[in-house]
Amino acid sequence: MINSIYTHKEIFLRELISNASDAIDKLYYKALTDGQTGLNRDDFEIRIRLDQANRTITISDNGCGMTKEELETNLGTIAKSGSLNFKKNLEQGKENEDIEIIGQFGVGFYSAFMVAEHVAVSSKAYGSDEAWKWESSGPEGYTVEPCEKAEHGTEIVLKLKPDTDDEKYSEFLDQYRIKGLVKKYSDYIRYPIKMDMEKSRLKEGSKDEYEKYTETETLNSMVPLWRKNKNEITQDEYNEFYKSKFSDYENPAKSIHMYVEGASNFHALLFIPAHAPFNFYTRDYEKGLQLYSNGVLIMDKCADLLPDYFSFVRGLVDSQDLSLNISREMLQHDRQLKLIAERIEKKIRSELETMLKNKREEYEKFFKNFGLQLKYGIYEDYGMHKDVLKDLLLFYSSTEKKLVTLKEYTDRMKEDQKYIYYACGDTIQHIDKLPQADAVRERGYEILYMTDPVDEFAISMLMKYNDKEFKSISADDLGLETEEEKKEAEKKIEENKDMLAFMKDSLKGKVTDVVLSKKLKTHPVCISTNGMISMEMEKVLNSMPNVDKDRVKTQRVLEINANHPIFEKLCSLYQNDKDTLKEYASLLYTQALLIEGVPIDDPVEYTNQICKLMIK
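Here we summarise the structure given alongside this text. Owing to the predicted nature of the structure, the values given are computational and were not obtained by experimental measurement.

1. Examining the overall build of the protein
The number of helices and strands found in the protein is 20 helices and 22 strands. In terms of overall size, the protein is more extended than a compact globule, its C-alpha atoms giving a radius of gyration of 36 Å where 616 residues would be expected to give roughly 25 Å. Dimensions of the protein, computed from C-alpha atoms along their principal axes, come out at roughly 120 × 60 × 55 Å. The burial tally for the protein puts 50% of its 616 residues in the buried class. At a minimum sequence separation of 6, the contacts of the protein that also span at least 24 residues come to 69%. By element, 46% of the accessible surface of the protein is carried by carbon and sulfur atoms, the whole surface being about 31,200 Å². In the protein, 88 side chains carry a positive charge and 110 a negative one; their mean positions are 3 Å apart.

What follows is the structure in structure tokens.
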């Protein structure tokens, strides 16, 4: 049963150390409440001893200890918890906040049987003259007998299982392996965890001869950085902690230190990296914050604490309020966890907004690294998170020639401007040359350039910003014409409707319509679309895997500039040479595709058509 609860066998050490810390806390609480002066916090410690010859690990503490009845109650019945009952009684009094009971004793203790074939627990309750030993080899049951023990507290001796081809239990007899596990899981236990470490040094008076010696070493730091007052911590300390904890070579772009009291009490230390991990935009990347309960690592990456759009954040959360079920690894998704996640989300957003407002250059660097993730956040879940993220977005401006926010765009919109205009393309340079932008630029309107594949999908979810709709410059109606201009355009379309219909038919279903453009000024031709899917969306969707059979096709419209000399040529051909007009229609359509950056169906046919016209 115990092997089904825990994922990693190394967890046993964390559980036993946590139980030892609980036992010391209980005795320290008793000293405070009874007014005893003989016990000081500095007197308490947890000891680990390794015996490679006998294959044993010993973990001892000088905490409250257990009576015979407590041994049988706490260890004789699995999942029975003296610590849990003590914690409940303590919470009723709501006093002595310095006491922290980490978890439950029963099941945590039984994790020892993942690595041990035999476990012996010798314990002497504080103030008692009797000591008792509980022993068990697992399924066979247990015994409780009197024993000799000079001091109060508990000593647990684990006889490790023999090594097998699959499991090397001897690794837990290596002093550096144990030291690493203490650092990983129990570094912030508030009592010293000590172990004798065998070391070597140069013999006195010798230049090349070494001798071994033993030194007692405290393995844990005891004071978590995140529980210190922010005023006591320098940025250098935050930087060093981040680089050491998360194995980064560069200082974080932002450190966020928070302590929350209220419906949920927790400490959090969060970091925004200065660069994206190499695998950030791959399936291999795992989001999540380290989760501690009173200084004990519960989960290395708790994904539920971060929304996907803030998955770049690294850090940790330490809370004493989380509800845990029988294993610290199996965290209940309860109200407390959700409250913590909500507060963290709001804090991250607030810090990013502050950075955007006060440190623009730093924010733009951040956005270069992680802006794509924010855009995905707007698009995912049908736009549920757009209000959280919309003010964090940046887009390149045609007029400012730099990144701007949507608020900055709308604040300087002209009085007669109906829409927020945007254009999509592979690069800023490519978008800058799109013929569809002519009419928008002529009015002096700003255009947002969007170069990420997700941009237009995100904008489609936003729909509006400050009550202004988004409008692609490739849309059919840009809302730029006056009533007179509309009437003049309609008249011209009516006069040439037969020619336009002929050109549409000659393109054999490649376009849904051929029209006279309302947006072109100097260029002869462009492609626009009808419906929800734009040309840029078509490119993105068709670039995805497994779309060969069901390729996405937009409702393409070929727009011709009636004020360009080419239009007069088309009119002449319609009257005199309809076969050549078909070739012109095909050429103009292909040229419009090339301007959009869309691959053409038959480059050979296109070049042959060009050559044919050149020699006429």
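2. Quick notes on helix H7 (residues 235-246)
For the α-helix, the turn length of 3.6 residues means that residues three or four positions removed from each other point alike. Between the first and last C-alpha of H7 there are 16 Å, a value that for 12 residues agrees with the 16 Å anticipated at 1.5 Å per step. Along H7, the positions that sit buried rather than exposed are Tyr238, Asn239, Phe241, Tyr242 and Phe246. Projected down its long axis, H7 shows its buried positions confined to an angular sector of 165°, all on one face. Facing away from the buried side of H7, by more than 90 degrees, are the exposed residues Asp236 and Ser244. Where H7 is buried, its residues touch strand E9 (254-260), strand E10 (266-272), strand E11 (289-293) and strand E13 (314-319). Following H7 by one or two positions, Ser247 adopts a phi angle in the positive range, close to 55°.

3. What to know about the pattern of salt bridges
Following the criterion strictly, the structure yields 41 salt bridges and no others. The partner of Glu240 in a salt bridge is Lys243, and the shortest N-O contact between them spans 3.3 Å. Residue Glu240 and its partner Lys243 are both found in helix H7; the two are separated by three residues, about one turn of the helix. Taking relative accessible area as the criterion, Lys243 reaches 22% and is therefore assigned partly exposed. With a shortest N-O distance of 3.1 Å, Lys539 and Glu536 are connected by a salt bridge. Residue Lys539 and its partner Glu536 are located together in helix H17 (residues 535-542), separated by three residues, close to a single helical turn.

4. Focus on the state of the cysteines
Applying the stated criterion across every chain, the model contains zero disulfides. Between Cys424, a cysteine without a disulfide, and Cys526, which holds the nearest cysteine sulfur, the sulfur-to-sulfur distance is 15 Å. Overall, Cys424 belongs to the buried group, its relative accessible area being 11%.

5. Structural notes on the pairing of E13
In terms of burial, E13 is largely enclosed, as five of its six residues are buried. Summarising the sheet, E10 and E13 pair through six bridges and their orientation is antiparallel. Bridging across to E13, His267 finds its partner in Asp318. Where E11 and E13 come together, three bridges link them in parallel fashion. What sits directly across from Tyr292, in E13, is Asp318.

6. Section: the pairing of strand E3 (residues 116-124)
Counted residue by residue, E3 has seven buried out of nine residues, so it is predominantly covered. The pairing of E3 with strand E6 (residues 153-160) spans eight bridges and is classified as antiparallel. Of the residues in E6, the one forming a bridge with Ser122 is Glu155. Across six bridges, E3 lies against strand E4 (residues 131-136) in antiparallel orientation.

7. What about the sheet that holds E9?
The strand order E9-E10-E13-E11-E12 describes an open sheet built from five strands, whose pairing is mixed. Both edges of this open sheet fall to E9 and strand E12 (296-302), since each of them pairs with a single strand only. For this sheet the average axis-to-axis angle between neighbouring strands, irrespective of direction, equals 15°. In the packing of H7 onto the sheet, contacts are made with E9, E10, E11 and E13, and the angle to E10 comes to roughly 80°.

Reading guide: rules and limits
Residues numbered from 1 in each chain as written. Predicted model: local features only at pLDDT ≥ 70, side-chain atom pairs only at ≥ 80, totals over all residues. Heavy atoms only, no water. Helix = DSSP H or I, 4+ residues; strand = E, 2+ residues; numbered from the N terminus. Rg over C-alpha atoms; globule rule 2.2 N^0.38 Å. Buried < 20%, exposed > 50% of the residue type's maximum accessible area, 1.4 Å probe, protein only. Contact = heavy atoms within 4.5 Å. Areas by Shrake-Rupley, 256 points an atom, 1.4 Å probe, with all protein chains shown as cover. Lys, Arg positive; Asp, Glu negative; His and termini not counted. Charge placed at Lys NZ, Arg CZ, Asp CG, Glu CD. Expected span 1.5 Å × (residues − 1). Arc of directions from axis to C-beta. Salt bridge = Lys/Arg side-chain N within 4 Å of Asp/Glu carboxyl O. Disulfide = S-S within 2.5 Å. Pairing = 2+ DSSP bridges. Axes fitted to C-alpha atoms, helices over the stretch in contact; angles between N-to-C directions.

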